[in-house]
Amino acid sequence: MVGHDGVGIGDFVLLEVIDKDHFMQNLEKRFSGGCIYTYIGEVCVSVNPYRTVNIYDQEQVNKYKGREIFENPPHIFAIADSAHKVMKQQGRDTCIVISGESGSGKTEASKIIMKYIAAVTNAGGQQEIERVKNVLLQSNAILETFGNAKTNRNDNSSRFGKYMDINFDFKGDPVGGNISNYLLEKSRVIYQQPGERNFHSFYQLLFGASDSDLSKLRLKNKVDNYFYVNQGNAASVRSISDRSDYKATQSAFRTLAFSDHEIDTIWRIVAAILHLGNVKFRPDNESVKLDDPGVLDTISGLLSVTNQELRRALCERVIAAKGEVMAKTHNEAQANYGRDAFAKAVYDRLFSWIVQKVNRAINLKDEESSRYRQKTTVIGVLDIYGFEIFDVNSFEQFCINYCNEKLQQLFIELVLKQEQEEYQREGIQWQNIDYFNNQIICDLVEQSHKGIIAILDEACLNVGKVTDEMLVEAMDQKLASHNHYSSRQLKPMEKDLKHKEDFRISHYAGKVTYNINGFLDKNRDALFQDFKRLLYSSSNPTVKEMWPEGAMDIFQTTKRPLTAGTLFKNSMIALVKNLASKEPYYVRCIKPNENKSPVQFDKEQVLHQVNYLGLIENVRVRRAGFAYRQRYDLFLRRYKMISQYTWPNFRSGNDKDGVKVLMDEQGYSDDVKYGKTKIFIRSPRTLFSLEQKRSRMIPGIVILLQKQWRGAICRRRYKKMKAALTIMRVYRLYKMRSYFQALQAIFFNPEDNYWNVSSRRDFGKSLRWPNPPLVLRKGVKNLKAIHERWRAWMIIKRIPQEDWPQVRYKVKACDALSNKRSYYGLSRRWEGNYLALNNENSDSVQYNHTINNIKNKDKFKKVLFSSFIKKTNRFNKSADRALLVTDTGVYKLDAKKLNLMKRVLSIQEITGVSCSPGTDQLIAIHSSLGNDLVVALEPRDNQDRVGELVGVICHRYFEVCGRDLNVNVNMHFQCKLGNKSRSVKIELSNEAQSGMFKKDGQNVLYLLPLQNSNNLINTKQAMQ
């Protein structure tokens, strides 16, 4: 159940106390616990997690598909599924309204909803439906590229409003759609605040296009070269990869059937705008001239217009009056204004054309339109900008906040309407709810003749010079008595308002101060007709198509176009009317902090959003005296197990009667109301109590069902298996008994004691075990292991315990050197620490002192081996040294003073050991550090100690690393000295009086004297 899922309360309606403190406490608790979704009835509150969460895979889709909203923990999938289910089952149009401020995750929420709808549709795998789904998903990539930008609040902020209608057939599969866009932030094309970027499309082109493509567009991938994109100083964004996004956009263009010519034209227009930002003017008497005329050649080529016509449109304006045509030259300010207006208009027209092109790709085709005209239903998805309060708020923020006022008004009205209609349907008495009605603010903005937009339009229509200051004065005169409007002139004590520059509106979300500068120009949204005729005359048919009004004759009189404010107001009224005709679902997005941190929860900032989204009022409206309501059949199905009269089935009446019996038995009758089709529960405690009782019963029911089913399965199998099991059991016993009898005959003979294994010299090692039956194969392995351990104990118990360590070393040496080296000292006693013996080392006292110092420093426990050696190094120089092997590593000592020279390597750093098959004392200890230790042991008694050293190192390596060490026995072997590979060879020489090292090019020779007959014979035998 969603109400209580372990992390706070999953539905705010079920809070015991509904106020800001308890609301915020529950929201923070769920965010800290990783639960980013919480319900208010059927409204989903989504907190941006600012991290990747694994809750959108196919398993989650299956979990929410076709389920009731209360059956699973809160999730945006449940909202999408409810909208799709109502649309499919009831044939009613639905819409999902996603709202919240910039950076709260609205765009991601809309994409998640689209992906869910795509995942649960087209079960039949029809190709056309799959195409529509892909087009719907791919359209997001294109619209984000050309309509999104990095702001100081969000790296991927939507700078336009988007409403998408998805058409579904009678089976609930998508067959088409339509996208409407609202108020693209055109001013961003020419200006960005510090830390912000222009639209993504500019940077994708500069950083993503190939060098050859950029060369064709006369561009370089240096943002600093272009004024329209370098003002924010934020070209590089860690969370954005413009190169990969450019590839995704190109792929999306092709998926949506954009032709190569159209794609090329789009990027040519984007490049032209970049170059247009570098156009500069200088005064020339009463006109202007271009600083760099060469830029015009580039722009005219990209737009496929003539250089002369472009120059004329930028530097002068053609006016037609009384049948005559006059050319009026611009001054520098007018030329700059015209250039910027031209850039904004070109990008805005490009964006609108792209949206139309996308709509043509996803709209129903002609034959399908007639086929589905009477059968299609719609799900609308609205992803629109949230309420904005900046340090400086201009015309764009005014329009955006007006939009949110309209949506908030719709939200409250629809929620109240739904509640009232449900109460009337169910016969429950309606309770009046106090809430703030923001109709008065909407009227302040949109009312005819009196609203701010009407005053703004009137100022734009006036003949003569009308300034922004005059606009403020007009607003002050007409709105002086309005409680939600103020300015410095009306309220002189509000010192934070600038005189004749600022005005303030008390929105439902809070007070917002607007700066009047630029309101008139932005509302007029004027573009000289010269630019429209210029682009209509383009030889590029795509560019020409974008400017159909350019075909008008210069003398043709046209009606004054509607202002930007009026157009936006009309579009908002139409949007609200469209949404009001559908079954609404809401996703309210919240931004937890400004730092994009996945753990920080800024209470003040979140509370501000909670207030302007009206969430607490929504909870009060939804609660309306009752915390929970549910259909009788669903309620009885969920809770029937807690009553003996309704479990397992209620047969004494209808579902309503069963619910009454259940609630009467549990003692909750005073806390509920019974409607016609639903039960209404007043207190959350009652619902939680029901849930707790249900939770206590569920394990027993599950166990009962499991028991019954498992019993049925077992009984079904039992009859089939009983005979087979009996035969198998008897046969196995027979085979086991036969095997043990044969084994006993081999190992024990009661008549002859010598025949018993305990009396044999090898303790039964040579005896051959009989082949075991299948049933005893694993057991016989254990028996053999037991016998081996017993035999080993019988052998080793004869050896004194103090000699056991050297036995272990000899076993390791035998494993490594057996059948490889002729002699390695198995028959003698292995002392290990030879340098501690007086007969080996005359200065054993100094040696022991050195050992104690090393032990105190390196904390090793025991010396395993020590001996005098002769070593060679990477410079092919040999020297007398002493070798020390401890339980932690290998050390090198000075042969005379017996002082520590250095620790060569640790046990873990040893990678192998190499020695010869002869009786020489040469040995190489290989290291992972790239510098092996190549030495010849020099025992005073001429005993062979190579085997002992190999056994010690192999045994200790196995103890430390858990695996056997590689031992190489060969007359020639490779080693590394100074990270260079060297070959070590053993040869006999009359030059050597004793074993000695000699350089042989890049290799190492170890020479043995011919006088030593043993060395000679054994070495020759080894060579053979």
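Residues numbered from 1 in each chain as written. Predicted model: local features only at pLDDT ≥ 70, side-chain atom pairs only at ≥ 80, totals over all residues. Heavy atoms only, no water.

### Thoughts on the packing of aromatic side chains
All chains considered together, the criterion is met by 31 aromatic pairs. With 5.6 Å between their ring centres and 35 degrees between their planes, F146 and W267 make a pair best called tilted. Taken as a pair, F146 in helix α5 (residues 127-147) and W267 in helix α10 (residues 260-276) lie far apart in primary sequence, 121 residues in all. Taking relative accessible area as the criterion, F146 reaches 1% and is therefore assigned buried. Where F258 meets W353, the ring centres are 6.1 Å apart and the plane angle is 80 degrees; that geometry is what we call edge-to-face. Note that F258 is positioned in the loop between α9 (242-255) and α10 and W353 in helix α13 (residues 332-362), a separation of 95 residues in sequence. Of the two residues, F258 and W353, both sit in the buried class. Feature note: the residues F146, Y246, F253, F258, W267 and W353 constitute an aromatic cluster, connected by ring pairs. A cation over an aromatic ring shows up here: R349 above the ring of W547, its NZ or CZ 4.0 Å from the ring centre. For the cation-ring pair, R945 lies above Y834, with the distance from its terminal atom to the ring centre recorded as 3.6 Å. (Phe/Tyr/Trp six-rings, centres within 6.5 Å; stacked < 30°, edge-to-face > 60°. Helix = DSSP H or I, 4+ residues; strand = E, 2+ residues; numbered from the N terminus. Buried < 20%, exposed > 50% of the residue type's maximum accessible area, 1.4 Å probe, protein only. Lys NZ or Arg CZ within 6 Å of the ring centre and 35° of its normal.)

### Considering unusual backbone geometry
Where the residue is not glycine, phi is negative for most of them; where a peptide bond is considered, it is trans in most cases. For the bond running from W647 to P648, omega is 0 degrees, close enough to zero to count as cis. Although it is not a glycine, F763 sits at a positive phi angle of roughly 55 degrees. Assignment of secondary structure puts F763 in the loop between α27 (684-747) and α28 (777-796).

### Description of the sheet that holds strand β21 (residues 878-886)
The sheet built from eight strands is open, its strands ordered β23-β22-β21-β20-β26-β25-β24-β27 with mixed pairing. Of all strands in the sheet, those with a lone pairing partner are β23 (900-906) and β27 (967-969), marking the two edges. Pairwise comparison of adjacent strand axes, ignoring direction, gives a mean angle of 30 degrees for this sheet. Here helix α30 (residues 844-858) sits on the sheet and contacts β20 (863-872), β21, β22 (889-894) and β23; the angle it forms with β22, its principal contact strand, is near 140 degrees. (Pairing = 2+ DSSP bridges. Axes fitted to C-alpha atoms, helices over the stretch in contact; angles between N-to-C directions. Contact = heavy atoms within 4.5 Å.)

### A short note on the pairing of strand β12 (residues 377-383)
Burial of β12 is extensive: seven of the seven residues sit out of reach of the surface. Across the two faces of β12 the burial is the same, with T377, I379, V381 and D383 and V378, G380 and L382 all buried. One ladder, built from five bridges, connects strand β3 (residues 94-99) with β12; its direction is parallel. Its bridge partner being in β12, C95 is matched across the sheet by G380. In terms of strand pairing, strand β6 (residues 161-168) meets β12 through seven bridges, oriented antiparallel. By the bridge assignment for β12, K162 is matched with D383.

### Digging into the environment of V661
Relative to the assigned elements, V661 resides in helix α26 (residues 655-666). Judged by its relative accessible area of 28%, V661 falls in the partly exposed class. Filtering out sequence-adjacent residues up to four positions away, V661 remains in contact with Y645 and F650.

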